[in-house]
Amino acid sequence: MNADAGAPVDPRAAERSAVVDLAAIRHNVRILRSRVAPAALMAVVKADAYGHGMLPVATAALEAGADWLGVAHVSEALVLRRAGIDAPLLAWLHTPATDFAAAVDADVDLGVSGWELEPIAAAAEAAGRPARVHLKIDTGLGRNGCTAEQWPVLVRAALDHEAAGRVRFVGVFSHLAVADEPVRPETDAQVAAFRAAVAVAEDAGARLEVRHLANSPAILTRPETHFDLVRAGVSIYGLSPLAGITAAELGLTPAMTLRAAIANIKHVPAGQGISYGLRYRTEAASTLALVPVGYADGVPRIAADAPVTIDGQRHTVAGRIAMDQFVVDLVDPVPTDPDALLGTDAVLFGDPATGAPAVEEWAEAAQTINYEVVTRIGTRVPRVYRDSGTAR
Ligand SMILES: *Cc1c(COP(=O)(O)O)cnc(C)c1O
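Residues numbered from 1 in each chain as written. Predicted model: local features only at pLDDT ≥ 70, side-chain atom pairs only at ≥ 80, totals over all residues. Heavy atoms only, no water.

### A word on the site of the ligand
What counts is decided by this rule: Near residues are defined by distance, with any heavy atom within 4 Å of the molecule or strand qualifying the residue. Polar contact criterion, stated in full: a pair of N or O atoms within 3.5 Å, where within protein one must be able to donate a hydrogen and the other to accept it, and residues adjacent in sequence count only if both atoms are side-chain atoms. Here, Shrake-Rupley sampling with a 1.4 Å probe gives the accessible areas, and only protein chains in the shown set may cover a residue. Elements are defined by DSSP. Helices are runs of H or I of four residues or more, strands are runs of E of two residues or more, and each kind is numbered from the N terminus. Any residue that is not Ala, Val, Leu, Ile, Met, Phe, Trp, Tyr, Cys, Pro, Asp, Glu, Lys or Arg is counted as polar, Gly included; the first ten are nonpolar and the last four charged.
The environment of the ligand is made up of K46, Y50, W92, H175, N215, S216, P217, R231, A232, G233, V234 and Y371. In the model, an oxygen atom of the ligand is placed 2.5 Å from a nitrogen or oxygen of the S216 side chain. Protein burial of the ligand: of its 390 Å² of free accessible surface, 94% is covered by the chains. Listing elements by their share of the shell around the ligand, those giving two or more residues are α2 (46–50), α9 (216–221) and β9 (229–232). Here the residues of the shell around the ligand are counted per class, giving six nonpolar, four polar and two charged.

Listed below in structure tokens is the structure:
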């Protein structure tokens, strides 16, 4: 069922939209879940589901068998709970301003790297119910997580709070640094450090429900990282986390298509300069198509030479991408009836199986990764949900 079935389509969507295929999300979740079984799967829907829209994606992922949802912030978790989603849910990035009382009240599991344990225990005491916590060990990423030195102290404190009824110590987790480069030995060291941290917790008496380490690249390349639960982000959106390996090669279907209706078509002479800085000039008399999305919409300004599909033909961005728009010089091939293209779709990226450019081509042109391109699509671009219904 379409998560948005019955919802009115945003009236802006005819002009520009990020079309998200919920059947693709469900397909990807099923594929990933079967790959990691018997481990369970957490669908990571932080950052508005990497720009795809948190509530429709969360609903589709759960329909397809995702066992958990994961977000960075408690505020994101509360949006899911307020929408009536009652699946197991973990939030892991907090500050002293985080509303732990609301999290405990809403039955949100909380990642704990150290200092958070005391305010979480206090919030649980006030609420009269235990907080469910997952202790995070830093196995080498050097970001959040408890150091190995402090780990036994943190484990002891969590078990003491558990004995007093303030917390339930349900999980141990960590995050990988280089899993997208499968040959690097640092991942082996992180797995070993993770096993050691789990052993410290269990030897101290922890009765863990879940041990979790793998992100998308580890899910796809490192079965020894799967443990009880994996945290799948970019892969549920149908994007490859591995350089040089396409989504299709991984059996994944990209869910998002970014398209806009062509805003103007005009015929210009040779030597016409295009956009700010006049960095591009037409080589011969030509036809220009104006595409009405720009960096305000999250289309990266530096992505010169990125591909765009118009009427099934691949073309290239000409000149600078501006705040609201960019230009395509309709050469190679020259359209047979260019004036008929006004109002038709320019497709920036989508599923290459449909003829669309891959988001990775935009990422390369913008010197970044596919994660960033989809996540930064702006709020001026309505998300539109479709359901191709195919179980590809
Ligand atoms: C974002 C995130 C993930 C998901 O990573 P992907 O590479 O997108 O699968 C998993 N775990 C943590 C802690 C994260 O912050």
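Once the structure has been displayed, the description carries forward.
### Structural notes on unusual backbone geometry
Of note, the bond from A37 into P38 is cis; its omega dihedral lies within 30 degrees of zero at 10°. Looking at the element boundaries, P38 is found in the loop between α1 (22–36) and β2 (40–44). A cis amide bond, omega 5°, links D332 with the succeeding residue P333. Mapped onto the secondary structure, P333 falls in the loop between β17 (326–329) and β18 (345–349).

### Quick look at the sheet that holds strand β16 (residues 313–318)
Note the threshold: We call two strands paired when DSSP finds no fewer than two bridges between them. The convention used is that axes are lines fitted to C-alpha atoms, helices contributing only their stretch in contact, and that angles between N-to-C directions extend from 0 to 180 degrees. Whether two residues touch is decided by their heavy atoms; if any such pair falls within 4.5 Å, the residues are in contact.
Spatial strand order, β11-β14-β17-β16-β15-β18-β10-β1-β19: nine strands in an open sheet with mixed pairing. Single-partner strands in this sheet number two, and they are β11 (264–268) and β19 (383–386). The average angle at which neighbouring strand axes cross in this sheet is 35°, direction not considered. In this fold α1 packs onto β1 (16–21) and β19, with an angle of close to 35° to the strand it touches most, β1.

### Focus on the environment of A158
So the rule is basically this: A simple rule labels every residue: compare its accessible area, found with a 1.4 Å probe on the protein chains alone, to the largest value its type can have, and call it buried under 20%, exposed over 50%, or partly exposed in between.
Mapped onto the fold, A158 is located in helix α7 (residues 151–163). Looking at A158, the relative accessible area reads 0%, which means it is buried. Sequence spacing of A158 and L252 is 94 residues, and the spatial spacing of their C-alpha atoms is 39 Å.

### A closer look at the domain arrangement of the protein
Definition in use: Annotation comment: domain bounds sourced from an automatic or database domain assignment. Defined here as a combined quantity, buried area equals the accessible surface (1.4 Å probe) lost by two parts on assembly, summed across both. Between Lys or Arg on one side and Asp or Glu on the other, a salt bridge is scored when a side-chain nitrogen of the former is within 4 Å of a carboxyl oxygen of the latter.
The assigned domain composition of the protein is domain 1 (38–237) and domain 2 (256–386). Domain 1 and domain 2 are separated by 39 Å when their C-alpha centres are compared. Every contact between the two is made by eight residues of domain 1 and, on the other side, seven residues of domain 2. Summed over both sides, the interface of domain 1 with domain 2 buries roughly 700 Å², with 64% coming from carbon and sulfur. By the criterion of area lost to domain 2, the three top residues of domain 1 are Y50, G51 and H52, representing 57% of everything that side buries. Counting the contacts that link domain 1 with domain 2 gives zero salt bridges. Between the two partners, domain 1 and domain 2, sit three residue pairs in polar contact (both at pLDDT 80 or more). Here the residues of the side of domain 1 that touches domain 2 sort into five nonpolar, three polar and no charged.

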